[in-house]
Amino acid sequence: MPELPEVELTRRHLAPILRGAVVEHAEVRHERMLRRQPPGPGFCSLLVGRRIEAADRRGKLLLFPLDDGRIWVVHLGMSGRLAVDGAAAGPHVRVVVRLRGGPDLLFVDPRTFGFTAVLTAEQLQAGPAAHLGPDALEELPTVDEIAGALAGRGAPLKAVLLDQGVFAGLGNIYADEVLFRARLLPDRPAGSLVREEIAALRRAVRPVLEDGLRHGGTSLDDLAYLLPDGRAGAYLSRLRAYGRAGDPCRRCGAAIRRTVVRQRSAHYCPECQR
DNA sequence: AACGATCCCTGTTGGC
DNA sequence: TGCCAACAGGGATCGT
């Protein structure tokens, strides 16, 4: 699944290709991918002819500012990836963007949970970025800020981690890994954490994400996340909680358990996490 | 307001 | 072997 590390690796790979490039042509093969594009001028007409100024990221959103002030936004959803020419083909190519004198950029997304749009800054803030908190890697909130965000909340801690408002960029896999590292149970009411636990949570976020980055991200299977050049990430084999139900905890040896929190799987060590 | 359930979508998996 | 239901999940939306 593309979560923060996978999106960041995509950004790093594409930045030198996209920066300064002019969009020569754009083709949308699956209209659902444009469901976040507001009424008015269409995605292709807003993108073609524009020069891409930068390759940024906020949470799981890829943001490509254009020379007219608008921003080309890409969210990879659950099964999306951006592939450069030749690294992908087949029935799941949803959007193709041709760069002048450069490669085609393919937005591949079998399950079409991803989307793309060309938006003004205002439209971005009112739309895809509306509920986005500080980036979990670049803008890690302080203990006080986290405490304020969790105070009084009865929702399971894991649900709060997934809703993007406190740590933008965590998804189901890295949320489990962060909770494992912080030794906190996923179904703990978010507001029940004492200060030392909040500090442990905060301390866990960056190392987990950086470990994911260092190992090329997590590729669950052939259809999930791949780097834009087609390579798979190696972090899967280093996961300590996610997907390891029944396997021994890498810290204490107890069997990792799987439960469901908010209709989503959650994995934890019943001995290490409290 | 906060929270939980449902839905979207399709490739893969497991049961019969 | 073949068929089909269940499952996976980010985030919008809706009901409580």
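Residues numbered from 1 in each chain as written. Chains lettered and ligands numbered in written order. Predicted model: local features only at pLDDT ≥ 70, side-chain atom pairs only at ≥ 80, totals over all residues. Heavy atoms only, no water.

Looking at DNA strand C, there are 13 residues lining it, with His75, Met78, Tyr242, Arg258 and Arg264 nearest. Of what DNA strand C places within 4 Å of the protein, 49% of the atoms are sugar or phosphate. Contact distances for DNA strand C include 3.2 Å between a phosphate oxygen and a side-chain N or O atom of Arg36. In the model, a phosphate oxygen of DNA strand C is placed 3.2 Å from a nitrogen or oxygen of the Ser265 side chain. Here the residues of the surface near DNA strand C are counted per class, giving three nonpolar, five polar and five charged. (Near = heavy atom within 4 Å. Polar contact = N/O pair within 3.5 Å; in protein donor to acceptor, adjacent residues only side chain to side chain. Nonpolar A, V, L, I, M, F, W, Y, C, P; charged D, E, K, R; others polar.)

Take the protein's contact with DNA strand B next. Not every one of the 13 residues close to DNA strand B is listed here, only the nearest: His92, Pro110, Arg153, Gly154 and Arg262. For DNA strand B, the backbone portion of the atoms within 4 Å of the protein, that is sugar and phosphate, comes to 68%. Here a phosphate oxygen of DNA strand B and a side-chain polar atom of His92 are 3.4 Å apart. Taken together, the residues that form the surface near DNA strand B break down as five nonpolar, four polar and four charged.

Attention now goes to the sheet that holds strand E3 (residues 61–65). Hydrogen bonds along the backbone pair up the strands of a sheet, which may run parallel or antiparallel. The four strands lie next to each other as E2-E3-E4-E8, forming an open sheet whose pairing is antiparallel. One side of each edge strand has no neighbouring strand; the edge strands of this open sheet are strand E2 (56–58) and strand E8 (115–119). Each strand of the sheet is rotated relative to its neighbour by a mean of 25°, with strand direction disregarded. Here strand E4 (residues 71–75) runs beside E8; their pairing, made up of five bridges, is antiparallel. Counterpart to Val74 in the pairing with E8 is Thr116. The strands touched by helix H1 (residues 4–18) are E2 and E3; relative to E2, the strand with the most contacts, the crossing angle is about 165°. (Pairing = 2+ DSSP bridges. Helix = DSSP H or I, 4+ residues; strand = E, 2+ residues; numbered from the N terminus. Axes fitted to C-alpha atoms, helices over the stretch in contact; angles between N-to-C directions. Contact = heavy atoms within 4.5 Å.)

Now for the sheet that holds strand E6 (residues 93–99). With respect to topology, four strands assemble into an open sheet ordered E1-E6-E7-E5, the strand pairing being antiparallel. With partners counted over all chains shown, the strands left at the sheet margins are strand E1 (23–28) and strand E5 (81–84), one partner each. Averaged over all pairs of adjacent strands, the angle between their axes in this sheet comes to 20°, without regard to strand direction. Where H1 meets the sheet, its contacts fall on E5, E6 and strand E7 (104–108), and the angle it forms with E5 comes to roughly 40°.

Moving on: the nonpolar core. Across soluble globular proteins, nonpolar side chains have a tendency to be buried as a group. Grouped together as the largest cluster of nonpolar side chains are 36 residues, with contacts concentrated most on Leu150, Leu157, Phe167, Leu201 and Leu209. Contributions of two or more residues to this core are made by H1, helix H4 (143–150), helix H5 (157–162), helix H6 (172–182) and helix H7 (195–214). Broken down by element, the residue count for this core peaks at nine residues, all from H7. Membership of the second largest hydrophobic core comes to 29 residues, among which are Ala15, Val74, Leu99 and Val118. (Core = buried A, V, L, I, M, F, W, Y, C linked by side-chain atoms within 4.5 Å. Buried < 20%, exposed > 50% of the residue type's maximum accessible area, 1.4 Å probe, protein only.)

Working definition: an aromatic ring pair is given by the centre-to-centre distance plus the angle between the planes. One pass over the structure, following the stated rule, counts one aromatic pair. Aromatic side chains Phe64 and Trp72 sit 5.0 Å apart centroid to centroid with 50° between the ring planes, which places their arrangement in the tilted category. Side by side, Phe64 and Trp72 carry an identical accessibility label, which is buried. The aromatic ring of Phe180 is capped on one face by Arg251, whose charged end is 4.1 Å from the ring centroid. (Phe/Tyr/Trp six-rings, centres within 6.5 Å; stacked < 30°, edge-to-face > 60°. Lys NZ or Arg CZ within 6 Å of the ring centre and 35° of its normal.)

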